[in-house]
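Next come the chains, spelled out residue by residue.
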Amino acid sequence: MRVLLTGGMGFIGSHTAVVLQEAGHEPVLYDNLSNADLGVAKRIAAITGKTPKFIEGDIRDEERLERALRDESIEAVIHFAGLKAVGESVVKPLEYYDNNLIGTIRLLEAMKKTGVRRLIFSSSSTVYGTPKRLPLHESDPTGEATNPYGRTKLQIEEILSDLCRAAPDWSAICLRYFNPIGAHPSGLIGEDPNGIPNNLLPYVARVANGRLPCLNVFGGDYETPDGTGVRDYIHVMDLARGHAAALPYAMSHTGWKAVNLGCGRGYSVLEVVKAFEKASGRKVPLKIGPRRAGDIAANWCDPTLAKELFGWEAKLGIDDMCRDAWRFEEKRAEELKAQSNQS
Ligand code: WQD
C-alpha cells in the first residue's frame with residue numbers, strides 16, 4: 001500500500017517507515033524537517049535496503065499536500081506531524097494551535113479533495129489527563145489536558161470524531177501512545193532531541209554517557225511504590241508495528257476509534273534508571289528534586305482493545321528498550337565526536 005507519513009522523518013515516523021517498508025508497503029515521507037534531518041532517509045535505506053520517497057513540505061501547505069496525495073496515489077495517511085514539547089507549548093500556545101490544529105485541518109481538506117479517506121492519527125495518553133482509575137481504558141473520560149500540547153491532541157481527536165459522524169465513508173483511528181522510548185536495534189535511528197532533552201529516556205542516556213552530569217528526578221513524594229512517577233513505557237519498534245497493524249483495520253472499517261498503545265504495565269523513574277544502568281553498564285547519578293508542573297503520579301493502560309481490533313500487542317520489555325536506547329546513544333555520541341574532530 002502507498003501510505004503518506006506526515007512527520008515521517010521524526011522519531012516515531014521513521015521507525016514506522018522501516019516497519020512498513022519491511023512489510024512490503026510504500027511509505028512516502030512528508031516532513032518540513034523542523035525537528036528532523038535529511039539523513040534519516042539514508043538511515044532508513046541502510047536498514048531496509050530501500051530509500052523511501054521523501055517530500056519536503058509543511059502540513060499547513062494544503063496545495064503541496066494535495067499534490068503529494070494525488071501524485072503519489074496515496075491510499076491512507078498516518079499523521080505524525082506536529083509540535084510535541086509540553087513545556088514549550090505553554091510558552092508558545094499559538095505555534096502549537098497553528099501547527100497541530102490548523103495543520104491537521106489543512107491535511108483533512110487535502111484528503112477530502114483527493115478522495116483519501118483513511119487516517120491514522122498520533123494521539124497521546126495525555127488526553128486522559130489525571131487518571132481516575134488505572135489501567136486506563138479507551139472509554140475513560142478525556143478532557144483534562146493540562147497544557148496546550150495535550151489540548152491539541154484532544155481537539156484533533158474531537159475534530160476527527162465530528163468528521164467521521166458527518167462523513168460516514170471516513171475512517172479515523174486515534175492511537176493513544178503511552179511513553180515511546182528505545183530505538184531501532186541497528187542503532188541507526190532513534191530519539192535525538194536538540195538541546196537538553198525534556199523526556200526521561202534521552203536524558204538518562206546522556207547522563208549514562210557522561211554528556212550530562214546528573215538526572216534530576218522530578219518528585220520523590222508521589223503516591224507510588226517508590227515515590228517517583230510511574231509510566232507505561234513502550235518500545236518504539238512495538239509502537240511502529242502497532243501502526244502497521246492498524247492499517248488493514250483502517251482500510252476495512254469506517255468510523256472513528258481511539259485505541260491505546262502501551263505495554264499495560266508501569267515502571268517508576270527509579271526502575272527505569274536501574275534498567276538503564278544494567279543495559280549500559282554505566283552509573284546514572286541522580287538527584288531527587290521537586291515535582292515538575294503538570295506531571296501526574298502514574299499512568300498505564302489496558303492494551304486489550306489493540307489486540308482485539310488489530311491483533312497487536314507489545315512484545316519488547318524495559319530491558320530491550322534500554323538496550324536499544326543505549327546503543328543509539330553510543331553511536332550518536334561517536335558521530336558527534338567524529339563531526340567535531342573534522343571541523
Ligand atoms: C516520564 C517520567 C517525569 C524527565 C510526555 C508527554 C506525553 C508524551 C511523552 C510526546 C515522569 C520523569 C522526566 C527528567 C524525570 N508526548 N522525569 N526527570 O511527561 O510522561 O509524557 O512525553 O511526545 O504526551 O506528556 O514523559 O519522559 O517527560 O517523563 O524525573 O529529566 O520521568 O516526571 O514521571 P511524560 P517524560
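Remember, it's a predicted structure, so these values are computed and weren't measured experimentally.

**Observations regarding the pattern of salt bridges**
And step 1. For the coordinates displayed, the defined rule picks out 26 salt bridges.
And step 2. Here arginine 117 and aspartate 169 are joined by a salt bridge, their closest N and O atoms 3.1 Å apart. Here arginine 117, found in the loop between helix H5 (93-114) and strand E5 (118-124), pairs with aspartate 169, found in the loop between helix H6 (148-166) and strand E6 (171-177); they are 52 residues apart in sequence, far enough to count as distant.
And step 3. For arginine 117, a relative accessible area of 19% gives the class buried.
And step 4. The class of aspartate 169 is partly exposed, set by a relative accessible area of 39%.
And step 5. For arginine 211, the salt bridge goes to glutamate 329, with nearest N and O atoms at 2.9 Å. Taken as a pair, arginine 211 in the loop between helix H7 (200-208) and strand E8 (215-218) and glutamate 329 in helix H11 (residues 318-342) lie far apart in primary sequence, 118 residues in all.
And step 6. The class of arginine 211 is partly exposed, set by a relative accessible area of 32%.
And step 7. Linked through salt bridges whose partners overlap, the residues forming this network are Arg43, Asp192, Arg206, Arg332 and Glu335.

**Comments concerning the sheet that holds strand E1 (residues 2-6)**
And step 1. Strand order across the open sheet formed by 7 strands is E3-E2-E1-E4-E5-E6-E11, with parallel pairing between neighbours. The sheet is open, and its two borders are formed by strand E3 (53-56) and strand E11 (255-261), each paired with just one other strand. Neighbour to neighbour, the strand axes of the sheet diverge by 20° on average, direction disregarded.
And step 2. Pairing geometry for E5 and E6, over 7 bridges, is parallel.

**Some words on the site of the ligand**
And step 1. As a matter of local geometry, the ligand sits amid 20 residues, with Leu200, Asn216, Arg231, Arg292 and Asp295 nearest to it.
And step 2. Arginine 292 has a polar side-chain atom sitting 2.8 Å from an oxygen atom of the ligand.
And step 3. Residue assignment for the shell around the ligand shows that the elements contributing at least two residues are H7 and E8.
And step 4. Considering every element that reaches the shell around the ligand, the biggest residue donor is E8, with 4 residues.
And step 5. In the shell around the ligand, the residues fall into 9 nonpolar, 7 polar and 4 charged.

**So, the packing of aromatic side chains**
And step 1. Taken as a whole and judged by the stated rule, the model has 3 aromatic pairs.
And step 2. Both rings, one in tyrosine 249 and one in phenylalanine 310, keep their centres 5.5 Å apart while their planes meet at 65°; by these two values the pair is edge-to-face. Within this pair, whereas tyrosine 249 is found in helix H8 (residues 236-252), its partner phenylalanine 310 is found in helix H10 (residues 304-310), the two being separated by 61 residues in sequence. One exposure class covers both tyrosine 249 and phenylalanine 310, and it is buried.
And step 3. Judged by centre distance (6.0 Å) and plane angle (90°), the ring pair of phenylalanine 276 and tryptophan 326 falls under edge-to-face. Here phenylalanine 276 is found in helix H9 (residues 269-280), whereas its partner tryptophan 326 is found in helix H11, with 50 residues between them in sequence. Just as phenylalanine 276 is buried, tryptophan 326 falls in that class too.
And step 4. Lying across the ring of tyrosine 267, arginine 265 places its NZ or CZ 3.8 Å from the centre.
And step 5. Directly above the ring of tyrosine 222 sits arginine 291, whose terminal nitrogen or CZ lies 4.0 Å from the centroid.

**Here we look at the environment of glutamate 88**
And step 1. The residue glutamate 88 is located in helix H4 (residues 86-91) in this model.
And step 2. Taking relative accessible area as the criterion, glutamate 88 reaches 33% and is therefore assigned partly exposed.
And step 3. Taking the C-alpha atoms as reference points, glutamate 88 and leucine 175, separated by 87 residues in sequence, lie 23 Å from one another.

**Notes on the packing of H9 against H11**
And step 1. Remark: H9 packs on H11, axes separated minimally by 8 Å, with the N-to-C direction vectors making an angle of 55°. With respect to H11, the axis of H9 lies oblique. The element H9 and its partner H11 pack so that their crossing is right-handed. Across the interface between the two elements, Val272, Ala275, Phe276, Lys278, Ala279 and Ser280 from H9 touch Ile318, Asp319, Cys322, Arg323, Ala325 and Trp326 from H11.
And step 2. In the contact of H9 with H11, the residues fall into 8 nonpolar, 1 polar and 3 charged.

**Looking at the UniProt feature "domain: NAD(P)-binding" (unreviewed entry) in the chain**
And step 1. According to UniProt, the "domain: NAD(P)-binding" (unreviewed entry) feature falls on residues 4-324.
And step 2. Helix makes up 41% of residues 4-324 and strand 17%, with an end-to-end C-alpha separation of 27 Å.

**A closer look at helix H3 (residues 62-71)**
And step 1. Residues Glu62, Leu65, Glu66, Ala68 and Leu69 constitute the buried set of H3. Along the axis of H3, the buried residues cluster in a sector spanning 165°; they form a single face. In H3, the exposed positions that point more than 90 degrees away from the buried face belong to Glu63 and Asp71.
And step 2. Of the surrounding secondary structure, the elements contacted by the buried residues of H3 are E1, strand E2 (26-31), E3, strand E4 (76-79) and H5.

Rules used throughout
- Within each chain, residue numbers correspond to sequence positions counted from 1 in written order.
- The predicted nature of this model means local features are confined to residues of pLDDT at least 70 and side-chain atom pairs, given and counted, to a pLDDT of 80 or more, with totals for whole chains, interfaces and linings taken over all residues.
- Neither water nor hydrogens contribute to the side-chain values; these are computed over all heavy atoms in the structure.
- Whenever a carboxyl oxygen of Asp or Glu lies within 4 Å of a side-chain nitrogen of Lys or Arg, that contact is scored as a salt bridge.
- Helix and strand assignments come from DSSP, with helices taken as H or I runs of at least 4 residues and strands as E runs of at least 2, each series counted from the N terminus.
- The rule is simple: take the accessible area with a 1.4 Å probe, protein chains only, and divide by the maximum for that residue type; under 20% is buried, over 50% is exposed, in between is partly exposed.
- What makes two strands pair is DSSP finding at least two bridges between them.
- A fitted line through C-alpha atoms represents every axis, and for helices the fit uses only the stretch in contact; the resulting angles, taken between N-to-C directions, go from 0 to 180 degrees.
- One heavy atom within 4 Å of a molecule or strand makes the whole residue count as near it.
- Definition of a polar contact: a pair of N or O atoms within 3.5 Å, with one able to donate and the other able to accept a hydrogen when the atoms are protein atoms, and with sequence-neighbouring residues admitted only if both atoms are side-chain atoms.
- Throughout, the ten residues Ala, Val, Leu, Ile, Met, Phe, Trp, Tyr, Cys and Pro are labelled nonpolar, Asp, Glu, Lys and Arg are labelled charged, and all others, Gly among them, are labelled polar.
- For Phe, Tyr and Trp, where Trp contributes only its six-membered ring, two rings pair if their centres lie within 6.5 Å, and the inter-plane angle classes them as stacked under 30 degrees, edge-to-face over 60, or tilted in between.
- Here, a charge over a ring means that NZ of Lys or CZ of Arg falls within 6 Å of the ring centre while also lying within 35 degrees of the ring normal.
- Put simply, angles under 35 degrees are roughly parallel, angles over 145 are roughly antiparallel, angles from 65 to 115 are roughly perpendicular, and the rest are oblique.
- Whether a crossing is left-handed or right-handed is set by the direction in which the near helix is turned from the far one by less than a right angle, anticlockwise for left-handed and clockwise for right-handed.
- Note on definitions: a residue-residue contact is assigned when non-hydrogen atoms from the two residues lie within 4.5 Å.
- UniProt positions are given in the numbering used here, feature names are shortened, and annotations may be inferred rather than shown by experiment.
- Think of it as the arc spanned by the lines of direction from the helix axis to the C-beta atoms.

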